[in-house]
Amino acid sequence: MINEENFENDALSEQITDDSNVQDTQNAGFQTSASSNEKDNLSLIPETLPVLPLKDIVVFPYMIFPILAGRDSTIKAINFSLESHKYILLVTQVDEKIEEPTFENLYQTGTVAKILQVLRLPNGLIKVLVDGIAPAKIEKFSNAEYISAGISVKLHEYTEDNELTALVRRATDLFHSYVQSNKNLPQESTLAFDNIKEADRKLYYIASAINIDTQKKQQILEIEDLHKQYFEIIYMMTSEMEIMNVEKDIDAKIYNAMQKNQRKFIVQEQIRILQDELGADTETDPELIKLKEDIEKSGIYGTAKDKALEEFAKLKKIPQMSPDFSVIRNYLDWMVSVPWTQKTDDNFDLDNAKKILDEDHYGLDKPKDRVLDLLAVLKRLKEKDIIKPPKGQILCFVGPPGVGKTSLGRSIARALNRKFVRISVGGVRDEAEIRGHRRTYIGALPGKIIQAMKKAGTVNPVILIDEIDKMSSDFRGDPSSAMLEVLDPEQNQTFNDHYLDIDYDLSQVLFITTANVQYQIPLPLQDRMEIIEMRSYLDFEKLQIAKRHIIPKEIEEHGLDAGMVDFTDDVLLRIIHDYTREAGVRNLERELSTVIRKVTRKVVTENKKTNKSVKITEELAREYLGVPRFRSKLQDEKIKSRVGSVTGLAWTSVGGDVLYIDVTVMKGSSKLTLTGQLGDVMKESVSAGYSYIKANAAKFKIPATWFKDKEIHIHLPEGAIPKDGPSAGITMIMAMLSAITKMPAKTDVAMTGEITLRGNVLAIGGLNEKLLAALRSGIKTVLIPKENEKDLAEISDEIKSKLTIIPVDKVEEGFKYVFGTAKILFKK
């Protein structure tokens, strides 16, 4: 009979883990077998034994372990063992997470054990106390109600030679050191270990005690040679000792650091208390002494200085370990790093300024004149010691990308001898980005304006606020509203940043803003700035910019000597027409850079040491740049007129473009079909033009019944490109009239203008870009609204001399230029 009494109160029943796990191995595993009679009589062990799978533990021979079994198959295996020979095979699972292990999830080596005691619990679980006898290699598995295995028992047969003695001594020394260093092992473990005489029992005792993972313990069990087992266990203990030494060093460093900080805190508190007792106002901390000096040297004045000294007084009383210390310290660092009185001496020499502006930019006469006017006013105010900033000081350059808005701001700063800082506000949607965050927030910082002032280091820099038309707003506030105070000369002398929480004077700053589209700038902001439009470059202007600025700069940046690359005007114009489609020169610069990069590679490959110039021909440019990216929209000179097709002019964010409108009439229901990805405004222009034609059908000799069974299809090519705006209204009317009356429209005439239901032609925007697009496309005549006639004064003579520009007030005034006759007659 197996004794099942009093096992519940045995020490081995404590902290039993779930299922087939072993409880408290560092205590239970050290209870070695009292005798080795079972080891001496291995013939009693059957060749086939039931298997008890173990989770996350390896049971070694000579060790007594308690096990809690709960699986049905495991309980059946235990019952079979109890009813027969009381022997069972303990095998560790490869993956401990698997609840019902199979053959593949069990190691091939286990430990034969004998069941000593059993306790059946009310919940159906069984507590089993086993005694490890010998390692066994599994020959084959079988599975019925439980897993069983055919085994071959392997015992160590060894002789006490010098090598084994040395290995045992070394392992003993390491184990003693390990127990002393490991707080989780009781010191009595060494006493039990020293009482063991057999070398193999000592080995298994160490393996059970040390803190290594299951895989390594299984590795020790699987080694058949005792010498190799000792080498492996010594290596593992040495590794564990090194890890524990590193842990001790880390603990010591942490402890020393804490002690040092604590001593420093105590000393500082004692000094502070003594200073309070003596009423002393002197500082002893070097950091605070330097901070006090920085406050005095920063030039901070007025209420700002009072605020800084107040915060400094708070800082002295706060322990350095306190979170508030770093908050106040960062605040004071910002206060002293922002300029208060430092400024650069302005250079108001207008001739020098004009020279610098002309050196940096070709053309842009209107923006340059406006800048020179501003410099003249600033010079006059300085001569009369007038501090108040002039009206219109804040300039806003509006124009397509790449026309030189940002670089012009940099040139203005160079001409004035001022520091230049650029701020990009494109995509900014948080008001705190401009005004800063309050110090109550973790990681709070000043806004972009104060950060720009710190970067400039002077109170009179040139700050360029880029992409001001691309700000947006959300639940965090509207940054454009915060920008109102910045860009208002009447208010920005008391600009209040949330982080600094004091008034800061921005009145000496020259603010310049840039935008691509004027109507996207909020009206209150437009009211505070002077809008200066920067038009698209003409082809001859791009040619001069390339020759004067882009090519010399690219040659220098690519390590070539001046003049080593020779572009003719014809080649440059071909690159401009075939490889770029833009208002500015960014893509042109990119294409020229590609050509020069290819030339540099050729020079390096051929090891040319001469300064012989490489002439770029049209064929060589095509070889370097590939197939032209843009097809020309030049009019076919052979086709003088066409029914239902009229040319319009459009404005885009990258410049002007021609807009071909095709109209066809077919039988069907009375309706308009619009294709080409038209926007709502353009669709409304089509409806207005169609209504104008129907209302004036009698004037055009169109039968009243004609519209009942006719479907009109209007298409704008390049359907992948969205199109919108009211300026194509006159073009829509002309195209529909041509298709309805079958009168051909001239192909070399383009037009632009918004229309009303009465046929009036209203003013449009982007006239310069539209005329430039017409010129590029070979258009000879352009109809524009009469109201835009005044804008021709600002159009380049280069454009006006090559176009016949005809202002019209009503649609009828353009008939003779489009159809060759002022009278429209319907043809059946």
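Just so it is clear, the structure is predicted and the values come from calculations on it, not from any experiment.

Draft legend 1. Representation of the overall build of the chain within the structure. Along its length, the chain carries 27 helices and 26 strands. Sorting the 828 residues of the chain into buried and exposed places 49% on the buried side. Long-range pairs, those at least 24 residues apart, make up 74% of the contacts in the chain between residues at least 6 apart in sequence. In the form shown here, the chain has an accessible surface area of approximately 41,300 Å², with 50% of it arising from carbon and sulfur atoms.

Draft legend 2. Layout of unusual backbone geometry. We note that Tyr-62 has phi near 70°; this positive angle belongs to a residue other than glycine. Structurally, Tyr-62 is set in the loop between β1 (48–54) and β2 (64–69). The exposure class of Tyr-62 is buried, given its relative accessible area of 8%. The backbone phi angle of Leu-364 is positive, close to 55°, even though this residue is not glycine. In this structure, Leu-364 sits in the loop between α12 (350–360) and α13 (365–383).

Draft legend 3. Representation of helix α3 (residues 72–83) in the model. Relative to the 16 Å expected for twelve residues at 1.5 Å per residue, α3 spans 17 Å between its end C-alpha atoms, a close match to the ideal helical length. Those residues of α3 lying buried are Thr-74, Ile-75, Ala-77, Ile-78, Ser-81 and Leu-82. The buried side chains of α3 occupy one side of the element, clustering within an arc of 160° when seen end-on. Exposed residues lying more than 90 degrees from the buried face of α3 are Asp-72 and Glu-83.

Draft legend 4. Representation of the packing of aromatic side chains in the model. Under the defined criterion, the tally for this structure stands at 15 aromatic pairs. When the ring centre of Tyr-331 is taken as reference, the NZ or CZ atom of Arg-439 above it lies at 3.9 Å. Geometry around Phe-707 places Lys-694 over its ring, the cationic atom sitting 5.9 Å from the centre.

Draft legend 5. How the structure looks around helix α9 (residues 286–297). For α9, which comprises twelve residues, the first-to-last C-alpha distance of 16 Å matches the rise-based estimate of 16 Å (1.5 Å per residue) to within 8%. Residues of α9 that are buried include every one of Leu-288, Leu-291 and Ile-295, and no others. The arc that holds every buried residue of α9, seen down its axis, measures 60°, which confines them to one face. Exposed residues on α9 whose side chains face more than 90 degrees from its buried face are Pro-286, Lys-290 and Lys-297. Buried-residue contacts for α9 involve α10 (302–317) and α11 (323–337). Positive backbone phi, at 80°, marks Gly-299, one or two positions downstream of α9.

Cut-offs and rules
Residues numbered from 1 in each chain as written. Predicted model: local features only at pLDDT ≥ 70, side-chain atom pairs only at ≥ 80, totals over all residues. Heavy atoms only, no water. Helix = DSSP H or I, 4+ residues; strand = E, 2+ residues; numbered from the N terminus. Buried < 20%, exposed > 50% of the residue type's maximum accessible area, 1.4 Å probe, protein only. Contact = heavy atoms within 4.5 Å. Areas by Shrake-Rupley, 256 points an atom, 1.4 Å probe, with all protein chains shown as cover. Expected span 1.5 Å × (residues − 1). Arc of directions from axis to C-beta. Phe/Tyr/Trp six-rings, centres within 6.5 Å; stacked < 30°, edge-to-face > 60°. Lys NZ or Arg CZ within 6 Å of the ring centre and 35° of its normal.

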